[in-house]
Amino acid sequence: MLPTRVLRAARGPKVNITGFNMRAFKEAAGQPRYDPWERADAWRFTGPFSRWNRFRGTLPGLGTATVAFAGYCLYEHFFMEDSHHHGEEHH
């Protein structure tokens, strides 16, 4: 461990010289009573712009491609002949 970190840890928690506690200030402030931009921003999170609808069409053909590839792999494994004949001797 670095010596500066050891010295900082020995001093204890950092003291706020102004006495201002930001956490207490935020808790006292709470939610604003009226947000003038709330109505203007509401359209961004509803209808076709909701979180699900924004990411739903990200990869449009992935499901179909996955099923087709799996089907091809199964067909190749069970029905196609192996033309290389690994392990057999050729004379």
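Residues numbered from 1 in each chain as written. Predicted model: local features only at pLDDT ≥ 70, side-chain atom pairs only at ≥ 80, totals over all residues. Heavy atoms only, no water.

Draft legend 1. Examining the packing of aromatic side chains more closely. In the structure shown here, the tally under the stated rule is three aromatic pairs. Residues W43 and F49 carry aromatic rings whose centres are separated by 5.4 Å and whose planes lie at 85° to one another, so their mutual orientation is edge-to-face. Each ring, one from Y75 and one from F79, has its centre 5.7 Å from the other, and the planes form 35°; the classification is tilted. Of this pair, Y75 and F79 both sit in helix α5 (residues 62–79), four residues apart, which is roughly one turn of the helix. F79 gets classed as exposed once you look at its relative accessible area, which sits at 64%. (Phe/Tyr/Trp six-rings, centres within 6.5 Å; stacked < 30°, edge-to-face > 60°. Helix = DSSP H or I, 4+ residues; strand = E, 2+ residues; numbered from the N terminus. Buried < 20%, exposed > 50% of the residue type's maximum accessible area, 1.4 Å probe, protein only.)

Draft legend 2. A look at helix α2 (residues 22–29). Counting buried residues in α2 gives zero out of eight residues, a small share hidden from the surface. For α2, the N-terminal capping position is held by N21, with its side-chain oxygen 3.2 Å away from the main-chain nitrogen of R23. Looking one or two places after α2, you find G30, whose phi comes out positive at around 65°. (Polar contact = N/O pair within 3.5 Å; in protein donor to acceptor, adjacent residues only side chain to side chain.)

Draft legend 3. The environment of F55, seen in detail. Looking at the secondary structure, you find F55 in helix α4 (residues 51–56). On the basis of relative accessibility, which here comes to 53%, the residue F55 falls in the exposed class. Distance from F55 to W43, taken between C-alpha atoms, is 17 Å for residues twelve residues apart in sequence.

Draft legend 4. Quick look at a nonpolar patch on the surface. Taken together, F69, Y72, L74, Y75, F78, F79 and M80 make up a surface patch of nonpolar side chains, about 850 Å² in accessible area. Structurally, Y72 is set in helix α5. (Patch = residues over 30% accessible without salt bridge, like charges linked within 9 Å, V, L, I, M, F, W, Y side chains within 5 Å. Areas by Shrake-Rupley, 256 points an atom, 1.4 Å probe, with all protein chains shown as cover. Salt bridge = Lys/Arg side-chain N within 4 Å of Asp/Glu carboxyl O.)

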